[in-house]
Amino acid sequence: MRPVTARVLQALAKAHWAAVPMPASPLPDPMNVLPAQHAAPRGLRNLRHLRHLRHLRHVLLALCLVAAAGTAGAQVQPDPPSAEDLPEPVRQALQAQGLPPEALSLVVQRREGGPPRVRWRADEPGVPGSTVKALTTLVALDHLGPAHRWTTDFLAATPAQDGVLRGLQVRGEGDPDFTAERLQSALRELRAQGVHTLQGEVVLDRRAFDPVRPDLGAPAFDESPDAYYNVVPDALLLNGNLLFLQLRSDGLRVQAAVVTPAAAGLRVDASGMQLHDGPCAEWARGWQAPISEADPEGVVLRLRGRFPRDCSARAATSALERNAYWQVVMGGLWQELGGRWQARVMDGAVAADARVLVSRRSDALADVVRRVNKASDNAMARLLYLTLGAQWLAGAPGNTAAAAQAAVRDWLQRHGVPTDGIVLDNGSGLSRSERMSAMQLAAVLRAGVQGDWAPEFESSLPIVAVDGTARRRLRDTPAAGRARLKTGSLRDMNGVAGIVRDLARQEWIVVAWVNHPQAGRARPVIDALVDWVAGHPLRPAEAR
């Protein structure tokens, strides 16, 4: 039997009362049924009215018994949510963008908690995209502390002889921002120790994470495998594995050269690129991932795709194989410092008797978290996630990503966040398998803004119309400068999660996303919600 809702009971009661002949004097509220022994009220001249009241009492009692029996003891069910419950600007934006309300999930709740001001499909698990970085960075701040730093060591088992060092070893912990400049600084210190020639094998020890090379065999996430956002990091990710190229064309051919970082033994071959007459501003439409190949003189990077005639552009690619990248960049930087490079890079393990020659420490975690969230940096977020796994294992063997998931779930449980339906993948949001509900992410944010490291976390979120991935959103609106939002965008997802301050200076946790094949059209919907929260404070009557 279908549950009887409160609205059905009220409708039946009103229908029954409408059939009762009304006396000249007013009658009591029909929902306030008189007890059997109650005397007739003043003005009730016809005893039939009293009998109708008693009959109505019996009808309502019977309906309540039927409802209770039909739901096996369950409570009366609330009416299902309606799109009419959404703020008017959000409904209008959905309609204008041709998106169904069922694609939207959202919750708006006071920073300190309490009943949501607005919720819509808030308990439905969805793809959170990069908004999940808020969870990764909060757990990292709690588990590691804002002052945590990563160390990269340069070691050798035997000392240099007459300025020649044979067998340099490099051990990484997963520094999320180990740049070419940081590598150059370490090499400069080696030169200051009197080393002028590097020979033999340069061993890269990536064993801080298991597997040591998760990039090998990893399937492409989309059609741009060489894009930086698709980099699968390891414990010695150098400079994001990026090469920055300058491309120039005339009417006959394309020429390309590496701008940065320095790269010794690398040749860029652009002969495979086809010229066309399209606009230079749209050159990236014809770009295809280059191919990296071994060459008798080093490494060759073969460019592919189409490029406009009479055009100049700068491209970034991570297409070079990971060890080949270390080979050409380390060699190039060493030669820039006046050293002789006669070494070959390979994977391996640091020798037990190796001693540290040079160490480089990363920036503090609080600064890294800021870069992760402001720029929505996937590779850095994934390294935070893997670091959580390595800390969880504490030196014991095991898959690092699986251990990271255990660490995050432990944090969720300790902070009272329900974990039913949550699916974790890599901590960055670059995933189509991760799942979480808007209410769950709102609970994560509430735990974060009430935690010890709330200032560090909140300052890491992009400020609407000011910086980061939100710098071009909602300019000249009440939300400009008042909202701090982690953004998220995939082909079939668009959303935000963060804190919005309204015109009355009340702060609200806002989580909203659209999961839909046309999610690229969802940004006006999300912006309409943020603008509504910022520009429409609760009236005193609503606040009670």
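Each remark here, short or long, concerns the structure printed above.
All of these numbers come straight from a predicted model, not from anything done at the bench.

Conventions and cut-offs
Residues numbered from 1 in each chain as written. Predicted model: local features only at pLDDT ≥ 70, side-chain atom pairs only at ≥ 80, totals over all residues. Heavy atoms only, no water. Axes fitted to C-alpha atoms, helices over the stretch in contact; angles between N-to-C directions. Helix = DSSP H or I, 4+ residues; strand = E, 2+ residues; numbered from the N terminus. Parallel < 35°, antiparallel > 145°, perpendicular 65-115°, else oblique. Left-handed = near helix turned anticlockwise from the far one by under 90°. Contact = heavy atoms within 4.5 Å. Nonpolar A, V, L, I, M, F, W, Y, C, P; charged D, E, K, R; others polar. Phe/Tyr/Trp six-rings, centres within 6.5 Å; stacked < 30°, edge-to-face > 60°. Buried < 20%, exposed > 50% of the residue type's maximum accessible area, 1.4 Å probe, protein only. Lys NZ or Arg CZ within 6 Å of the ring centre and 35° of its normal. Disulfide = S-S within 2.5 Å. Pairing = 2+ DSSP bridges. Salt bridge = Lys/Arg side-chain N within 4 Å of Asp/Glu carboxyl O. Expected span 1.5 Å × (residues − 1). Polar contact = N/O pair within 3.5 Å; in protein donor to acceptor, adjacent residues only side chain to side chain.

Participant: Help me understand the packing of helix H4 (residues 133–144) against helix H8 (residues 378–393), please; the structure alone is not making it clear to me.
Facilitator: One way to put it is that H4 packs onto H8 with a least axis distance of 10 Å and a crossing angle of 40°. Between H4 and H8, the angle falls in the class oblique. Crossing angle aside, the handedness with which H4 passes H8 is left-handed. Side by side, H4 and H8 meet where Lys 133, Thr 136, Thr 137, Val 139, Ala 140, His 143 and Leu 144 of the first sit next to Asn 378, Ala 381, Leu 384, Tyr 385, Thr 387, Leu 388, Gln 391 and Trp 392 of the second. Tallied by class, residues from the contact of H4 with H8 come to eight nonpolar, six polar and one charged.

Participant: When you look at the packing of aromatic side chains in this model, what are you seeing that I'm missing?
Facilitator: Each pair of aromatic rings is reported with the distance of its centres and the angle of its planes. If you walk through the whole model with that rule in mind, you get three aromatic pairs. On the basis of an interplanar angle of 20° and a centroid distance of 6.3 Å, the ring pair of Phe 178 and Trp 326 is categorised as stacked. With Phe 178 in the loop between strand E5 (168–171) and helix H5 (180–192) and Trp 326 in helix H6 (residues 322–336), the pair connects residues that are 148 residues apart, well separated along the chain. Given the relative accessible area of 3%, Phe 178 is considered buried. The class of Trp 326 is buried, set by a relative accessible area of 1%. Relative to Phe 307, the ring of Trp 283 has its centre 6.3 Å away and its plane inclined at 55°; by these criteria the two rings are tilted. Placement of Trp 283 in the loop between strand E10 (274–276) and strand E11 (287–295) and of Phe 307 in strand E12 (residues 298–308) is noted, with a sequence separation of 24 residues between them. Here the aromatic residues Trp 283, Trp 287 and Phe 307 are joined through ring pairs into a cluster of three or more. Above the face of the Trp 508 ring, Arg 117 is positioned so that its terminal group lies 5.1 Å from the ring centre. Over the ring of Trp 334 we find Arg 191, and its NZ or CZ is 5.9 Å from the ring centre.

Participant: I tried to follow the state of the cysteines on my own but got confused; where do I start?
Facilitator: Throughout this description, disulfide means a covalent bond between two cysteine sulfur atoms. Taken as a whole and assessed by the stated rule, the structure comprises one disulfide. The disulfide partner of Cys 280 is Cys 311, and the gap between their sulfur atoms is 1.9 Å. Handedness of the Cys 280-Cys 311 disulfide follows from its S-S torsion of about 65°: it is right-handed. With a gap of 31 residues between them, Cys 280 in the loop between E10 and E11 and Cys 311 in the loop between E12 and strand E13 (312–317) connect regions that are remote in the sequence. The exposure class assigned to Cys 280 is partly exposed, which follows from its relative accessible area of 29%.

Participant: Would you take a moment to explain the pairing of strand E18 (residues 507–515) for this structure?
Facilitator: The side chains of a regular strand alternate between the sheet's two faces. Here E18 lies mainly inside the structure; eight of its nine residues are buried. Examined bridge by bridge, strand E1 (residues 104–110) and E18 share seven bridges and lie antiparallel to one another. Following the sheet pairing, Val 108 is matched in E18 by Val 510. The pairing of strand E17 (residues 493–501) with E18 spans nine bridges and is antiparallel. Bridged to Val 496 within E18 is Ala 512. Between the antiparallel neighbours E17 and E18 lie five residues, among them Arg 505 with a positive phi of about 70°.

Participant: Teacher, can you tell me more about the pattern of salt bridges here?
Facilitator: A side chain with one charge can pair with a side chain of the opposite charge if their charged atoms come near. On inspection of all chains with the given rule, the structure shows 32 salt bridges. For Glu 458, the salt bridge goes to Arg 111, with nearest N and O atoms at 2.6 Å. Taken as a pair, Glu 458 in helix H11 (residues 454–458) and Arg 111 in the loop between E1 and strand E2 (118–120) lie far apart in primary sequence, 347 residues in all. Residue Arg 309 pairs with Asp 277 through a salt bridge whose shortest N-O separation is 2.8 Å. In this pair, Arg 309 is assigned in the loop between E12 and E13 and Asp 277 in the loop between E10 and E11, connecting sequence segments 32 residues apart. According to the relative accessible area criterion, Arg 309 is partly exposed, its value standing at 33%. For Asp 277, a relative accessible area of 68% gives the class exposed.

Participant: Is there a simple way to explain the sheet that holds strand E16 (residues 483–490) in this structure?
Facilitator: Backbone-to-backbone hydrogen bonds join strands into a sheet, with any given pair of strands oriented parallel or antiparallel. Strand order in the open sheet formed by five strands is E2-E1-E18-E17-E16, with antiparallel pairing between adjacent strands. Two strands close off the open sheet at either side, each with one partner strand: E2 and E16. Adjacent strand axes in the sheet meet at a mean angle of 10° when their direction is disregarded. Here helix H10 (residues 438–449) sits on the sheet and contacts E1, E2, E17 and E18; the angle it forms with E18, its principal contact strand, is near 150°.

Participant: What is the right way to read helix H9 (residues 400–414) from this model?
Facilitator: In an α-helix, one full turn covers 3.6 residues, which means residues spaced three or four apart are oriented alike. Over its 15 residues, H9 extends 21 Å from the first C-alpha to the last, a length consistent with the 21 Å expected when each residue adds 1.5 Å. When we look at burial in H9, the residues that qualify are Thr 400, Ala 403, Ala 404, Ala 407, Val 408, Trp 411 and Leu 412. In the core, the buried residues of H9 are packed alongside H4, H8 and H10. Where H9 begins, the capping side chain belongs to Asn 399, and its oxygen is found 3.1 Å from the backbone nitrogen of Ala 401. Positive backbone phi, at 70°, marks Gly 416, one or two positions downstream of H9.

By themselves, these observations are geometric and do not establish any function.
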